[in-house]
Amino acid sequence: MSDLAERMRARMERLYPICRSITGDGVRATLAVLGETVPLQVRAVASGTPAYDWTVPEEWNVRAAWIRDVGRDGGNGAGRTVVDLADHTLHLVSYSVPFRGRLSRAELEPHLHTLPEHPDWIPYRTSYYTRDWGFCLSQRQYDALGDGPFEVCVDTTLAPGELTYGELVLPGETAEEILVTSHVCHPSLANDNLAGLTVAVELAARLAEQPRRHTFRFVFAPGTIGAITWLAQNPDVWPRVRHGLVLTGLGGPGPLVYKRTRHGDRPVDRAAAHVVRAHGGELRDYSPYGYDERQFNALGFDIAAGRLSRTPHGEYPEYHTSADNLALVTDDHLVEALEALQEIVDVLEHDATYTNLRPYGEPQLGSYGLYPTTGGRSASEAVMAMLWTLAYADGATSLLAIADRAGLPFAAVRRAADDLLGAGLLGG
Amino acid sequence: MSDLAERMRARMERLYPICRSITGDGVRATLAVLGETVPLQVRAVASGTPAYDWTVPEEWNVRAAWIRDVGRDGGNGAGRTVVDLADHTLHLVSYSVPFRGRLSRAELEPHLHTLPEHPDWIPYRTSYYTRDWGFCLSQRQYDALGDGPFEVCVDTTLAPGELTYGELVLPGETAEEILVTSHVCHPSLANDNLAGLTVAVELAARLAEQPRRHTFRFVFAPGTIGAITWLAQNPDVWPRVRHGLVLTGLGGPGPLVYKRTRHGDRPVDRAAAHVVRAHGGELRDYSPYGYDERQFNALGFDIAAGRLSRTPHGEYPEYHTSADNLALVTDDHLVEALEALQEIVDVLEHDATYTNLRPYGEPQLGSYGLYPTTGGRSASEAVMAMLWTLAYADGATSLLAIADRAGLPFAAVRRAADDLLGAGLLGG
Amino acid sequence: MSDLAERMRARMERLYPICRSITGDGVRATLAVLGETVPLQVRAVASGTPAYDWTVPEEWNVRAAWIRDVGRDGGNGAGRTVVDLADHTLHLVSYSVPFRGRLSRAELEPHLHTLPEHPDWIPYRTSYYTRDWGFCLSQRQYDALGDGPFEVCVDTTLAPGELTYGELVLPGETAEEILVTSHVCHPSLANDNLAGLTVAVELAARLAEQPRRHTFRFVFAPGTIGAITWLAQNPDVWPRVRHGLVLTGLGGPGPLVYKRTRHGDRPVDRAAAHVVRAHGGELRDYSPYGYDERQFNALGFDIAAGRLSRTPHGEYPEYHTSADNLALVTDDHLVEALEALQEIVDVLEHDATYTNLRPYGEPQLGSYGLYPTTGGRSASEAVMAMLWTLAYADGATSLLAIADRAGLPFAAVRRAADDLLGAGLLGG
């Protein structure tokens, strides 16, 4: 296992047990782990703050949550604990309101969620905007429940507090921004979204060490309300975002999947299409369902944010269940996702148009030291990349467009352009 | 069998035996049957009236037509009748000029038409613009003909009279028209075109009972000359036609087939494509051969008329033969065609553009009573239709365009738009 | 074998043994043979003349070249000749510098080129821009070489002289030109490019006998440097070229292959696509590698030159080997290529836009003597071509666009347009 893979996995292992939701201590603990790698700014927005059509909710925290079967304990309340948040963060419906009481089996039923088709898996459920409480458990746990009565403890607090998100700005030559986001609100689900977070942090660390044309901004916020809150808090920032990338599910099954922006033809779409195709991945059109791309792409913001994942939400059986655990995420998939992201960013950073300064026929490349000397054989990729660049460098066709037309990697065309610039055959 | 199917079939059964051509009593009798369901105006245009490059022809009527084999009757003229119009309206070439005489087999030959590849079927032939007479018969009848001589009777009249067509106007909120036509000139051919006529009349009856944005005009005229005559008679009407639909062959074999307008990208093309795809049907580009769409789409009129049929003319073996009988037409196909037509008309009537009034991120649908309350599960079609509408309602993208992009039925997107309008999230 | 095929083959048989390169007597001899059929002007450009980024090279000629094994002859120099240019023009690397000397096997090795995967074939190699000498031989010859030493003779001259090319101008009604080129620099390789030359000369001979709208210019020059030299010598001509065709490999294996211009959508691309599709051929996008299309399409010239070949360079095993001999080229392929070229030229010469003068419905073609008289049957191709032309002749849509839309040959639509013009139904 490479250092990189080991680092990404270790980070996920520390994040996995934390009980996260859209607000609360779990988010703060998560941001603290991410902040060990890059100097993340932690921002807090008070409950009740308006955010466009939404309002920052009360902060949710949990001390304990369990169901005890007191039907066979002689009524002393010391019965067997049958469901316990301490065993798995998915056991409690996220944002459950506090509750303490003794319930019959019939009274308990409406508060229980299972997955009959996967009897060993615990589902993931939330109730952010309806005041309710509930437990998620495996079908096997459910089937083993007795007749009760049950002692139920939901020791949560839901009170004015704050919504927390992390932000990292890497200034570039220009104020035009590339926004990279990944949601921090999901509890013990590895692919969705510890994979996204661990890759995003590595990308940020790499970019911090490189010269940058664009300003890069990483935002680690809870889904939906976090993105909308960030947008509402940054009315002077979001109009400067030129390209956006929402990262999620980068370590699970399947090839890379890029979901286009709402318009479908923005520079980030072309950059991602070029890279994802080369990785054998899949391109999909925009739909208004999914992760925070749906907020960024909303008509009022119109931010060109694409989404990079592997098999998307809802299309793999482990999605939003306890089977989305650390074993579902592979190191190779994480590493490949990081490489692809770096390649997409390279295109966005370095795509440019040039002008052929020797446009009357093909230059005698050999006289510039740029051509193999014995004729009659096939040209190498390097020579082909030069010929393609010379053929289309009309001051309007970009290197990416040339690479796509040529069927060559962007990096090869960029190197060719550098060589031709060096030889005086190309002008900026 | 539903009331609807029963009604459509009964109408066809009454129309089937009538000897129709492009003019004459058969057309009048046909219009009378159609007029029992909707208040059809019968229009008459005198023979000799000019109609652009054409002239309304003489009116053709027929009392009787037969061939008698007098070769074996001892010359008393009472021989066996071997072909008789009374048996089938296809036996006489349409627009045959009057003739009475005794002919040898050799003299008769050039006037006989058969289908050797389908020995039991009678072909359908016309001679509108060449003064001639002829008989159509099955190959078996032909093979059984003796050596003659034959007594031939073509008791027709071809004389100044009139061309007749039926017209129904259903006024709408605007003077912009949707034109629906179906040809009335074919004799005992069930799919071509009793099926088109019986469906068209049902559509007219439905629309008569509904509020209408467009003015609807139904024209039941003979093919080619009837359409051109209608155009020539209505120079103030046809420029108001925004969408046209030519109906034919709606009950025979095969899925629905929509033939695009000459331009191929008119609103009626998009509406029909949306509906016909959902019905598993087929879309074809325009060609200048077929039914009256070729007149409406002519460069001078430039009326955006598409054509709805099933397997088109010439592509099913029964076409233009006696095998295009009432058994070739199925009730299910007639009913489905009517539903598809209603859906196409619904798109033309109700497509519109709206503007998202809460464009900064996704509105909190739950707070408007528009969203299921427990998160973590897939959105329903109704919610998805709202999300798609909000995502693309930019004041320029129409509901149909949104439905096509979303892969949702137009009706679902229209309902979503209504809900969002009701909640104040969308503006007109 | 037709006269045409016999003529084309006889011409190739005379050209095959000539030792051609990019300059020298071989080119002159080749142009002399081509000039027997059409009055070719032979142009000479002195060595050292600049041509954009290039310079006309020294002229190369060869008297003899051989390798003699003197290892077993007792040192009298009369040993066995193991490789001899007199046997095959491919034996000598083209543009080999003069050399005479005795070499050990080890010293000889770097100067030998073989094709191990095809042990009986001699490869084709050049060294135009690096001063070197070398021999090409079959792997079997190579394997049979002894230990040497070897007497080597490369009796060539490389000295100031001239670059020669042939040019034929066929004036037309307008000064706008169609440029047809085919390279003359390859030695005994039949498909590449005696096939291109023999077809090009036949096309020129045909065009010389026809009325011409465009001025036609045929250029027979060495590849790359020849094309660039012609361009440099004709700065007032090349801006007048509207359409270009580079011909090569027209008699070898595979269907016709048309390579589009750099822009991909020029008139010559549409004309060639129409014709080549009808011949079951293949269309390919531009790439900046290949024959002289890469010079003509260079940004500075921007000449819309497509390339017609069969299976292109490098894609058939015989390419650039002695197996590209006269047996690889078939008469049927040569004749078909000439027909296709004539059809492409016909489109370029005769494509035009017309206006329907009877646009209100379909004209009554029968009244103009243009329609079969008995109705109810399918329209013939001639009638369909008229109907398509009338349907789309809006003064902007060209006959080629109509033919493509109709799926009819250009020639059929052109005939229909002529008939309709004659009947007064169409205007220019």
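These numbers were taken from a predicted model, which means no experiment stands behind them.

Trainee: Looking at this structure, how should I read the relation of the copies chain C and chain A?
Mentor: Copies of the same chain, two in number, are related to each other by a rotation about an axis and a translation along it. The two copies are related by a screw operation: chain C maps onto chain A through 120° of rotation and 0.0 Å of translation along the axis, at an RMSD of 0.1 Å. Such values leave the two copies arranged in the relation of a three-fold axis. Residue D265 of chain C of chain C places its C-alpha closer to the rotation axis than any other residue of that unit, at 13 Å.

Trainee: So what exactly am I meant to see when it comes to the interface of chain C and chain A here?
Mentor: Interfaces are often sized by the accessible area lost when the parts come together. On the chain A side, the residues contacting the 21 residues of chain C number 26 residues. The largest per-residue losses of area from chain C upon contact with chain A belong to D53, Y289 and L299 of chain C, which jointly make up 29% of the total buried on that side. Summed over the shared surface of chain C and chain A, the number is 2 salt bridges. We note a salt bridge from R358 of chain A to D53 of chain C, for which the minimum N-O separation is 3.3 Å. Where chain C packs against chain A, one counts 9 residue pairs in polar contact (both at pLDDT 80 or more). Tallied by class, the residues present in the side of chain C that touches chain A amount to 11 nonpolar, 6 polar and 4 charged.

Trainee: So what exactly am I meant to see when it comes to the environment of R212 of chain B here?
Mentor: Residue and element names in this part refer to chain B. Among the structural elements, R212 can be located in the loop between α5 (190-208) and β12 (215-221). Those residues within four positions of R212 in sequence are excluded, and the remaining contacts are L170, P171, G172, E173, L207 and E349. Of note is the side chain of R212, whose polar atom sits 2.9 Å from the backbone oxygen of P171. Here Q210 takes part through its backbone oxygen, which lies 3.2 Å from a polar atom of the side chain of R212.

Trainee: Honestly, the domain arrangement of chain A in this entry has me stumped. Any pointers?
Mentor: Domain parsing of chain A yields domain 1 (3-58 + 162-349), domain 2 (61-159) and domain 3 (352-427). With centres defined by C-alpha atoms, the gap from domain 2 of chain A to domain 3 of chain A works out at 66 Å.

Trainee: Teacher, can you tell me more about the pairing of strand β13 (residues 241-247) of chain B here?
Mentor: Successive side chains on a regular strand alternate, one facing one side of the sheet and the next facing the other. All names here are of chain B. Counting buried residues in β13 gives 6 out of 7 residues, a clear majority hidden from the surface. The pairing of strand β11 (residues 177-183) with β13 spans 5 bridges and is parallel. Paired with E177 across the two strands is V241, which belongs to β13. In this structure, β13 lies alongside strand β16 (residues 305-309), joined through 4 bridges in parallel fashion.

Trainee: What's the story with the interface of chain B and chain A in this structure? I'm lost.
Mentor: Counting residues at the interface gives 26 residues for chain B, matched by 21 residues for chain A. Between chain B and chain A, roughly 2,100 Å² of surface is buried when both sides are summed, and carbon and sulfur atoms account for 55% of that area. Three residues stand out in chain B for area buried against chain A, namely Y360, E362 and Q364 of chain B, and they jointly supply 32% of the buried area on that side. Between the two partners, chain B and chain A, sit 2 salt bridges. Inspection of the region where chain B meets chain A yields 8 residue pairs in polar contact (both at pLDDT 80 or more). When residues in the side of chain B that touches chain A are grouped by element, the largest group, 6 residues, is from helix α10 (residues 381-392) of chain B. Of the residues contributing to the side of chain B that touches chain A, the split by class is 13 nonpolar, 8 polar and 5 charged.

Trainee: I keep staring at α10 of chain B and nothing clicks. Help me out?
Mentor: Within an α-helix, residues lying three or four positions from one another point in the same direction, as the helix has 3.6 residues per turn. Look at α10 of chain B: 16 Å from first C-alpha to last across 12 residues, which is about the 16 Å you get at 1.5 Å a residue. Of all 12 residues in α10 of chain B, 10 are buried; the element is thus mostly enclosed. Among the residues making up α10 of chain B, those that are buried are V383, M384, A385, M386, L387, W388, T389, L390, A391 and Y392 of chain B. Where α10 of chain B is buried, its residues contact α8 (293-296) of chain A together with β17 (353-356), β18 (394-398), α11 (399-406), α12 (410-422) and β19 (426-427) of chain B.

Trainee: Help me understand the sheet that holds strand β11 (residues 177-183) of chain A, please; the structure alone is not making it clear to me.
Mentor: Through backbone hydrogen bonds, the strands of a sheet pair up, either in parallel or in antiparallel fashion. Residues and elements named next belong to chain A. Read across the sheet, 8 strands follow the order β1-β10-β12-β11-β13-β16-β14-β15 without closing on themselves; strand pairing throughout is mixed. Pairing within the sheet leaves two strands with one partner each, and these edge strands are β1 (41-46) and β15 (282-284). The average undirected angle you get between the axes of adjacent strands in this sheet is 20°. Pairing of strand β10 (residues 162-170) with strand β12 (residues 215-221), which is carried by 5 bridges, proceeds in the antiparallel orientation. Paired with V169 across the strands is R217, a residue of β12. Most of the contacts of helix α2 (residues 25-34) go to β10, to which it runs at about 15°, and overall it touches β1, β10 and β12. The strands touched by helix α5 (residues 190-208) within the sheet are β10, β11, β12 and β13 (241-247), with β12 carrying the most contacts at an inclination of about 155°.

Trainee: For this particular structure, what's the right way to read the sheet that holds β18 of chain B?
Mentor: Residues and elements named next belong to chain B. Pairing in this open sheet of 3 strands is antiparallel, and the strands run β18-β17-β19 from one edge to the other. Either end of the sheet is taken by a strand with one partner, and the two such strands are β18 and β19. Relative to β18, β17 runs antiparallel, the two sharing 2 bridges. Bridged to T355 within β18 is D394.

Trainee: Just checking my understanding: could you explain the pattern of salt bridges for this structure?
Mentor: Pairs may arise between side chains of opposite charge once their charged atoms sit close together. In this structure the tally under the stated criterion is 87 salt bridges over all chains. Close ionic contact of E59 of chain A with R28 of chain A constitutes a salt bridge, the shortest N to O distance being 2.9 Å. In this pair, E59 of chain A sits in strand β4 (residues 59-69) while R28 of chain A sits in helix α2, placing the two residues 31 residues apart along the sequence. A salt bridge links D120 of chain C to R140 of chain C; the shortest N-O distance between them is 2.5 Å. Placement of the pair is D120 of chain C in the loop between β7 (112-113) and β8 (135-136) and R140 of chain C in helix α4 (residues 139-143), with a sequence separation of 20 residues. A relative accessible area of 48% means that D120 of chain C is categorised as partly exposed. Residues joined in a network through salt bridges with shared partners are R43, E167, E177, R217 and R240 of chain A.

Trainee: Sorry, what's going on with the packing of helix α7 (residues 267-278) of chain B against helix α9 (residues 331-350) of chain B here?
Mentor: To describe two helices that pack against each other, one gives the angle between their axes and the distance between the axes. All names here are of chain B. The geometry of α7 relative to α9 is characterised by a closest axis approach of 9 Å and an angle of 135° between their N-to-C directions. In terms of their interaxial angle, α7 and α9 are classed as oblique. Of the two elements, α7 crosses α9, and the hand of that crossing is right-handed. Facing α7, whose interface residues are P267, V268, A271, A272 and V275, α9 presents A340, E343, I344, V347 and L348.

Trainee: Honestly, the environment of V201 of chain B in this entry has me stumped. Any pointers?
Mentor: Within the fold, V201 of chain B resides in helix α5. Between the C-alpha atoms of V201 of chain B and F218 of chain B, which are 17 residues apart in sequence, the distance is 8.6 Å.

Trainee: How should I be thinking about the environment of P235 of chain C in this particular structure?
Mentor: Residue and element names in this part refer to chain C. Relative to the assigned elements, P235 resides in the loop between α6 (225-233) and β13 (241-247). On the basis of relative accessibility, which here comes to 47%, the residue P235 falls in the partly exposed class. C-alpha of P235 to C-alpha of F301: the two residues are 66 residues apart in sequence and 9.8 Å apart in space.

Trainee: Before we go on, may I ask you to explain the state of the cysteines in this structure?
Mentor: Such a bond, covalent and formed between the sulfur atoms of two cysteines, is termed a disulfide. Counted according to the given criterion, the structure contains 0 disulfides over all chains. Unpaired in this structure, C19 of chain A has its nearest cysteine sulfur neighbour in C136 of chain A, at a distance of 12 Å. The thiol sulfur of C185 of chain B is not disulfide-bonded, and the nearest other cysteine sulfur, from C19 of chain B, lies at 12 Å. Residue classification places C185 of chain B among the buried positions, given a relative accessible area of 4%.

Scoring rules and cut-offs
Residues numbered from 1 in each chain as written. Chains lettered and ligands numbered in written order. Predicted model: local features only at pLDDT ≥ 70, side-chain atom pairs only at ≥ 80, totals over all residues. Heavy atoms only, no water. Least-squares fit on C-alpha atoms with pLDDT ≥ 70 in both. Contact = heavy atoms within 4.5 Å. Buried area = accessible area lost by both parts, 1.4 Å probe. Salt bridge = Lys/Arg side-chain N within 4 Å of Asp/Glu carboxyl O. Polar contact = N/O pair within 3.5 Å; in protein donor to acceptor, adjacent residues only side chain to side chain. Nonpolar A, V, L, I, M, F, W, Y, C, P; charged D, E, K, R; others polar. Helix = DSSP H or I, 4+ residues; strand = E, 2+ residues; numbered from the N terminus. Domains from an automatic or database assignment. Buried < 20%, exposed > 50% of the residue type's maximum accessible area, 1.4 Å probe, protein only. Pairing = 2+ DSSP bridges. Expected span 1.5 Å × (residues − 1). Axes fitted to C-alpha atoms, helices over the stretch in contact; angles between N-to-C directions. Parallel < 35°, antiparallel > 145°, perpendicular 65-115°, else oblique. Left-handed = near helix turned anticlockwise from the far one by under 90°. Disulfide = S-S within 2.5 Å.

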